[in-house]
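Each chain is listed here by its residues.
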Amino acid sequence: MVESGSGGIHIDARTFDAFCALVYERAGITLREGKESLVTARVARRMHQLGQTSVADYIAHVRADASGEEMVLLLDAIATNTTSFFREPAAFTMLAEVVGGLLERGQRRIRVWSAASSTGEEPFTIAMVLAEVLRGRGLDEQAVDLAVLATDISTKVLDRCRNALYSETVLRPVPADLRARYFVRQGEAWRVCDRLRALVTFNRLNLARPPYPMKGGFEVVFCRNVMIYFDQAVRTRVMAEVGRLLAPGGWLAIGSAESLTGIRHPFDQVRPSIYRKGPP
Ligand SMILES: C[S@@+](CC[C@H](N)C(=O)[O-])C[C@H]1O[C@@H](n2cnc3c(N)ncnc32)[C@H](O)[C@@H]1O
């Protein structure tokens, strides 16, 4: 069924189906047809480390691993982590407006969740925007109880988040004044300053496995460019959990290529890709 030829690993239709079933079952991710070569290319390195040449044997190995660690490594290998600072900026404009309004009304505790944080550009952009909103009002981070939760299924990207080190190229979308305020040069790269890093907590969370272990009360949730990997059933479950965890009147940003059309959810659409939970 699977053989290794010219350095590559090949996969037949039945084995690919078994692979897709495993990934859907554990991560809610729907692998599209035609992705066989992409998927095998991504898992090939891990299989090589294990001395395996058969995808079917590898699937059996993942299923047999009661610790779940092999599944984590598999998901690390197949996840697509494309992201950038200030990606789809309308969401950050909304964030600044919402948090500005809350501070205006005297609220001094703000919680924001980046639900698929990838390598950290999204949660650190959130943290920068929050810090800038405070700065604009002459407040500092001590005056307000601010916290950003960043979660992802991939331990590999979460390690990158914790390292908080970004190349010159990756930092291009960050305006020069913000770079000067929130990044420290480290050799060829730039590290997020301690003050900003202190605002962000990183944890592994599988969105396909509700209920999530957080208490909730988030004023704003970013759940962007991850639902594209999910089918309607998983999207519905994710949105129900996001709805539960948002504070009354809380705001949700989804990706501009995503849609909540056709799924049950507890939000009103406010602008393209921006939704709001109703008051209690
Ligand atoms: C394309 S990135 C999006 C990053 C960021 N939200 C943005 O919009 O730039 C998708 C992220 O979703 C994560 N992901 C995929 N399936 C997931 C799941 N079941 N639970 C949590 N995160 C998941 C991937 O590891 C990846 O880091």
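(A) Quick look at the nonpolar core. Ranked by internal contacts, the top residues of the largest apolar core, which has 76 residues, are L95, A127, L130, V221, C223 and L252. The greatest single-element share of this core, amounting to nine residues, is contributed by helix 6 (residues 121-136). For this core, the two domains that each supply at least three residues are domain 1 (4-78) and domain 2 (90-277). Leaving out residues up to four positions away in the same chain, A127 has contacts with V148, L196, L199 and V200.

(B) Here's a closer look at the sheet that holds strand 7 (residues 189-192). Reading across the sheet, the three strands line up as 5-7-6 and stay open at both edges, with antiparallel pairing between neighbours. In this open sheet, the two edge strands, each paired with only one partner strand, are strand 5 (165-167) and strand 6 (183-186). Each neighbouring strand pair of the sheet contributes to a mean axis angle of 35 degrees, computed without reference to strand direction. Note that strand 6 and strand 7 share four bridges and pair antiparallel. Across the sheet, Q186 pairs through a bridge with A189, a residue of strand 7.

(C) Seen up close, the domain arrangement of the protein. As far as domains go, the protein holds domain 1 (4-78) and domain 2 (90-277). On the side of domain 2, eleven residues touch domain 1, which itself brings seven residues to the contact.

(D) Examining the environment of E258 more closely. Structurally, the position occupied by E258 is in the loop between strand 10 (246-254) and strand 11 (267-271). Spatially, the C-alpha atoms of E258 and P279 are 25 Å apart, while their sequence positions differ by 21 residues. When neighbours within four sequence positions are excluded, E258 is seen to be in contact with M227 and I228.

(E) Quick look at the site of the ligand. Neighbouring residues of the ligand: 25 residues in total, closest A79, T83, A116, I153 and N225. Counted by class, the shell around the ligand contains eleven nonpolar, ten polar and four charged residues. Each of domain 1 (4-78) and domain 2 (90-277) accounts for three or more of the residues forming the shell around the ligand.

(F) Focus on the sheet that holds strand 11. Spatially, 8-4-3-9-10-12-11 is the arrangement adopted by the seven strands of the open sheet, whose pairing is mixed. Edge positions in the sheet fall to strand 8 (200-204) and strand 11, since each has one partner strand and no second. Recorded for the sheet is a direction-independent mean angle of 20 degrees between the axes of neighbouring strands. Taken together, the three bridges between strand 3 (residues 109-114) and strand 9 (residues 218-223) define a ladder with parallel strand orientation. Along strand 9, the bridge assignment pairs S114 with F222. In the packing of helix 7 (residues 155-163) onto the sheet, contacts are made with strand 4 (145-152) and strand 8, and the angle to strand 8 comes to roughly 165 degrees.

(G) Molecular detail of helix 1 (residues 13-27). Given a rise of 1.5 Å per residue, 15 residues ought to cover 21 Å, and the 21 Å separating the end C-alpha atoms of helix 1 matches this to within 8%. Buried residues belonging to helix 1 abut helix 2 (36-49), helix 3 (55-64) and helix 4 (69-78). G28 occupies a position one or two residues after helix 1 and carries a positive phi of about 70 degrees.

(H) Just unusual backbone geometry, in detail. With omega at 0 degrees, the peptide bond leading from P210 into P211 counts as cis. Within the secondary structure, P211 is located in the loop between strand 8 and strand 9. The backbone of F86 shows a phi angle near 55 degrees, a positive value even though the residue is not glycine. Mapped onto the elements, F86 comes out in the loop between helix 4 and helix 5 (90-104). Of note, the phi angle at S118 is positive, near 50 degrees, even though the residue is not glycine. Residue placement: S118 occurs in the loop between strand 3 and helix 6. With 25 C-beta atoms counted inside 10 Å, the residue S118 sits in the buried group.

Each value, and the rule that gives it
- Residues numbered from 1 in each chain as written.
- Predicted model: local features only at pLDDT ≥ 70, side-chain atom pairs only at ≥ 80, totals over all residues.
- Core = buried A, V, L, I, M, F, W, Y, C linked by C-beta atoms within 7 Å.
- Buried ≥ 20, exposed ≤ 12 C-beta atoms within 10 Å, placed from the backbone.
- Helix = DSSP H or I, 4+ residues; strand = E, 2+ residues; numbered from the N terminus.
- Domains from an automatic or database assignment.
- Contact = placed C-beta atoms within 7 Å.
- Pairing = 2+ DSSP bridges.
- Axes fitted to C-alpha atoms, helices over the stretch in contact; angles between N-to-C directions.
- Near = placed C-beta within 6 Å.
- Nonpolar A, V, L, I, M, F, W, Y, C, P; charged D, E, K, R; others polar.
- Expected span 1.5 Å × (residues − 1).

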